[in-house]
Amino acid sequence: MKGEGGSEGAKRRAGQRAAREVESGWVVGLGTGSTAAHAIRALEDADVRGIPTSYQSRGLAIEAGVPLTSLDEVEGVDLSIDGADQFARGSGALIKGGGGAHAREKIIDGAADRFLVVADPTKATDVLDRPVPVECLPDARPVVENRLRECGGEPDLREAAGKDGPVITDNGNLLIDCAFGAIEDPGGLATRLSAIPGVVEHGLFVDLADTVYVGIEEGVERIDY
Ligand SMILES: O=C[C@H](O)[C@H](O)[C@H](O)COP(=O)(O)O
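Residues numbered from 1 in each chain as written. Predicted model: local features only at pLDDT ≥ 70, side-chain atom pairs only at ≥ 80, totals over all residues.

Caption draft 1: Just the UniProt feature "active site" (unreviewed entry) in the chain, in detail. As annotated by UniProt and renumbered to match this structure, "active site" (unreviewed entry) occupies Glu-105. Mapped onto the secondary structure, Glu-105 falls in helix 4 (residues 102-111). Apart from the residues within four sequence positions on either side, Glu-105 is in contact with Gly-31, Thr-32, Thr-53, Asp-82 and Lys-96. (UniProt positions renumbered as here; feature names shortened; annotations may be inferred. Helix = DSSP H or I, 4+ residues; strand = E, 2+ residues; numbered from the N terminus. Contact = placed C-beta atoms within 7 Å.)

Put into structure tokens, the structure is as follows:
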């Protein structure tokens, strides 16, 4: 369910710009995906501790020599830097989870004093309209799918490439990509999705982003919320 396109240069500019906000001694949430990866690499020589949001970001941090910690070893998270599959320019609402990492991302990004989103211009939209990734307990899938239909969605179990069967998240759960068409009220939909028994977490991030850095041809655009 990853988004298409987006130049690597734009992603790199956004990731490196966000990494410049990190101060010595900070605890930093390490986001997942190809854009957040540039921020993690840019922290190579920084005096920080990182909390990874996924298996992928953990591996990247180890490669870059960023010391790792966890939520139960720190008093707080100073800053988190993470990507997005789509963001609404006007509100900063996001769709995340194209790589299936949104549950841990929401915990860590949401715990941070500041949450910086890094993106390329293909992620920007006026109204969110990508399918929303929903992480679901395996036994609950039929019930969750019915409830998603009642919410107006079209659920689609995410299949794994190179394997017969579904994608299993880092937490051992299933992923359902649910299309809702244009999402005019992300906050209302987020509340409804969170109330479904068996839903571990969904990829709508509402009122969480403080700043979006968008890599563009000439540099980086900054949008504050
Ligand atoms: O589960 C994955 C994450 O939410 C990513 O941050 C999101 O998919 C964006 O990834 P990318 O920067 O590779 O487009």
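Caption draft 2: Region of interest: the domain arrangement of the chain. What the domain assignment reports for the chain is domain 1 (8-123 + 206-218) and domain 2 (132-198). For domain 1 versus domain 2, the separation of C-alpha centres amounts to 23 Å. At the junction of the two partners, domain 1 supplies twelve residues and domain 2 supplies eleven residues. Of all the elements, helix 4 adds the most residues to the side of domain 1 that touches domain 2, at three residues. Classifying every residue of the side of domain 1 that touches domain 2 by side-chain character gives six nonpolar, five polar and one charged. (Domains from an automatic or database assignment. Nonpolar A, V, L, I, M, F, W, Y, C, P; charged D, E, K, R; others polar.)

Caption draft 3: Structural view of the sheet that holds strand 5 (residues 94-95). Reading across the sheet, the four strands line up as 7-4-5-12 and stay open at both edges, with mixed pairing between neighbours. At either end of the open sheet lies a strand with only one pairing partner, and these are strand 7 (124-125) and strand 12 (204-205). (Pairing = 2+ DSSP bridges.)

Caption draft 4: Quick look at helix 5 (residues 141-150). Those residues of helix 5 that fall on the buried side of the exposure criterion are Val-144, Glu-145, Arg-147 and Leu-148. In a view along the axis of helix 5, the buried residues occupy a sector of 165°, so they form one face of it. Facing away from the buried surface of helix 5 by more than 90 degrees, the exposed residues are Pro-142, Asn-146, Arg-149 and Glu-150. Looking one or two places after helix 5, you find Gly-152, whose phi comes out positive at around 95°. (Buried ≥ 20, exposed ≤ 12 C-beta atoms within 10 Å, placed from the backbone. Arc of directions from axis to C-beta.)

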